[in-house]
Amino acid sequence: MNYFSSDFKLGILGGGQLGKMLLAETRKFDIQTYILDPSAEAPSQYGATKFFRGSLMDFDTVYQFGKIVNLLTIEIENVNLDALDKLEEEGLPIYPSPKTLRLIQNKGRQKDFYVENNIPTSPHQRFVDLNALKNAVTSNDTETSVEMPFVWKCAQFGYDGNGVKIVKSLSDLDNLPNVECIAEQMVPFKNELAVIVARSVSGEVKTYPVVEMEFHPEANQVEYVICPARIDEKVAQKATEIALKVSEAFNHVGLLAVEMFHSEGSDEDDDILVNEVAPRPHNSGHYSIEASYTSQFENHLRAILNLPLGNTDSKVAGIMVNLVGEEGFSGQVVYENIEKIMAIDGVTPHIYGKRETRPFRKMGHVTIVNENMVEARKIAEEVKNSIRVIS
């Protein structure tokens, strides 16, 4: 198949910021791109060859979109899988496959998959709805009861910290939606880590370096992604091995971002527990655009087109700072002090193109590259304290 400067059409389900950054790589190779997204203001609409507005969860919309492209990929997991099944049966290549997406789309099913495949993860229980969970919390049956504190997660449609809550008391359950959910045992951990695995159609596999993630305490969103992670080499090797095991179990094609907890213990007893995965380019890999020899977006393309995978090593230390809407501001976005941070060497902002800001909405990110990790972290702090996403 000739992908380059040809009539080949790559379809992408989802037109958010991940799609926008993926399109930068398709333009480099001159590949036609068709985007489907429900929003009239989707960030990807201006960079695609053709943009189609429609629901990603509607069978007919997704099916008809698939009929006009030569290969289909995603930038968001919440898509109509029945339509993808039918398209795949009719011969359309889809990466990741509907089978893989079905395992990942529901967090309860995803957690069960880890247990079934002997992949270390935190203990959990699944519930059909919030009422069933409340009954388990108040139950006297020691085998089925749930002890507080625990982490509540909705089984589907959670994103960017939404759909996750630490439950410390019964009253914490009062305002949660009555949907399918899971209760995860709290894990004491030193770090939250992530490894991105690239796997091509023919089975070539490469991993990016282990990154460390620092989270906002209230929004449960990543504030900083630090590459390489500030961990012992033995821990990094163990995290990479587990990420490869997860990748092999899912047998995905494209990228798989594996988020993990580095749990507390002595150096000998330190353990790695898988939290969850994303079968697509991921927030934990944005640093790679500036800091790596091959960005995660380029390697996602290479993998699904079955081209040789690119070098995943870092050229320099990289830190990514998420730009999210500041609390107390909603409306037309203003990036205050963006010129100030652009005057700093090694600082590159990425603005996603969302016109409206609201508290904690992801509006962009900034990458800091530096040969010295300590200096890079200092600059990242300066960037975080300087720029404000307001209205």
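Note: the structure precedes this text.
Attention in this report is confined to the structure presented alongside it. All figures in this text were calculated on a predicted structure; none of them were measured in a lab.

Every buried residue of helix H5 (residues 107-116) is listed here: Lys 107, Gly 108, Gln 110, Lys 111, Phe 113 and Tyr 114. Packing partners of the buried residues in H5 comprise helix H4 (98-105), strand E5 (124-127), strand E6 (150-154), strand E8 (181-185), helix H7 (233-250) and strand E14 (271-278). If you check the start of H5, you find a side-chain oxygen 2.9 Å away from the backbone N of Gly 108, and it comes from Asn 106. Remark: Asn 118 follows H5 within two positions and exhibits a positive phi of approximately 55°.

As a further point, take the packing of aromatic side chains. Throughout the structure, instances matching the rule amount to nine aromatic pairs. Taking the centre distance of 4.8 Å and the plane angle of 75° together, the rings of Tyr 3 and Phe 8 count as edge-to-face. We classify Phe 8 as buried; its relative accessible area is 4%. Lying over the aromatic face of Phe 29, Lys 28 brings its terminal NZ or CZ to 5.8 Å of the ring centre. Taking the ring centre of Tyr 224 as reference, the NZ or CZ of Arg 377 above it sits at 4.1 Å.

Before going further, it helps to examine the sheet that holds E5. Strands sit in the order E5-E8-E6-E7 across an open sheet of four strands; the sheet is antiparallel. The outermost strands of the open sheet, each flanked by one partner alone, are E5 and strand E7 (164-167). With strand direction ignored, the average angle separating the axes of adjacent strands in the sheet is 25°. One ladder, built from five bridges, connects E6 with E8; its direction is antiparallel. For Val 151, the partnering residue across the bridge sits in E8 and is Glu 184. Across the sheet, H5 is in contact with E5, E6 and E8; its angle to E5 comes to roughly 140°.

By the criterion of burial, E8 is predominantly enclosed, with four of the five residues buried. Across four bridges, the pairing between E5 and E8 is antiparallel. Looking across to E8, one finds that Gln 125 is bridged to Ala 183.

Counted at 1.5 Å a residue, the expected span for helix H1 (residues 17-29) with its 13 residues is 18 Å, and the 19 Å between its end C-alpha atoms agrees. Residues of H1 that are buried include every one of Gln 17, Leu 18, Gly 19, Met 21, Leu 22, Leu 23, Glu 25, Thr 26 and Phe 29, and no others. In this structure, the buried residues of H1 make contact with strand E1 (9-13), strand E2 (32-37), helix H8 (288-291), helix H9 (296-304) and strand E20 (362-370). Immediately downstream of H1, the backbone of Asp 30 shows phi near 60°, a positive value.

Ranked by internal contacts, the top residues of the largest apolar core, which has 23 residues, are Val 246 and Met 260. It is H7 that contributes the most residues to this core, seven residues altogether. Ignoring sequence-local partners within four residues, the contact set of Met 260 consists of Asn 191, Glu 192, Leu 193, Ala 194, Val 195, Ala 239, Ile 242, Ala 243, Ile 272, Leu 273, Val 274 and Asn 275. Residues Tyr 224, Val 321, Tyr 335 and Ile 368 belong to the second largest nonpolar core, which totals 22 residues.

A separate point is the pairing of E20. Regular strands place their side chains on alternate faces of the sheet. Among the nine residues in E20, eight count as buried, and that is most of the element. Bridging between strand E15 (residues 317-324) and E20 involves eight bridges; their strand directions are antiparallel. What sits directly across from Ala 317, in E20, is Asn 370. By the bridge criterion, five bridges tie strand E18 (residues 347-351) to E20 in an arrangement that is antiparallel. Note on E20: the bridge partner recorded for Ile 351 is Gly 364.

Turning to the side chain of Gln 110, a few remarks are in order. Summarising the element assignment, Gln 110 is placed in helix H5. Residue class for Gln 110 comes out buried when judged on its relative accessible area of 4%. Sequence-distant contacts of Gln 110, defined by excluding residues within four places in its chain, comprise Leu 103, Ile 104, Phe 250, Asn 275, Glu 276 and Val 277.

The rules behind these values
Residues numbered from 1 in each chain as written. Predicted model: local features only at pLDDT ≥ 70, side-chain atom pairs only at ≥ 80, totals over all residues. Heavy atoms only, no water. Buried < 20%, exposed > 50% of the residue type's maximum accessible area, 1.4 Å probe, protein only. Helix = DSSP H or I, 4+ residues; strand = E, 2+ residues; numbered from the N terminus. Contact = heavy atoms within 4.5 Å. Polar contact = N/O pair within 3.5 Å; in protein donor to acceptor, adjacent residues only side chain to side chain. Phe/Tyr/Trp six-rings, centres within 6.5 Å; stacked < 30°, edge-to-face > 60°. Lys NZ or Arg CZ within 6 Å of the ring centre and 35° of its normal. Pairing = 2+ DSSP bridges. Axes fitted to C-alpha atoms, helices over the stretch in contact; angles between N-to-C directions. Expected span 1.5 Å × (residues − 1). Core = buried A, V, L, I, M, F, W, Y, C linked by side-chain atoms within 4.5 Å.

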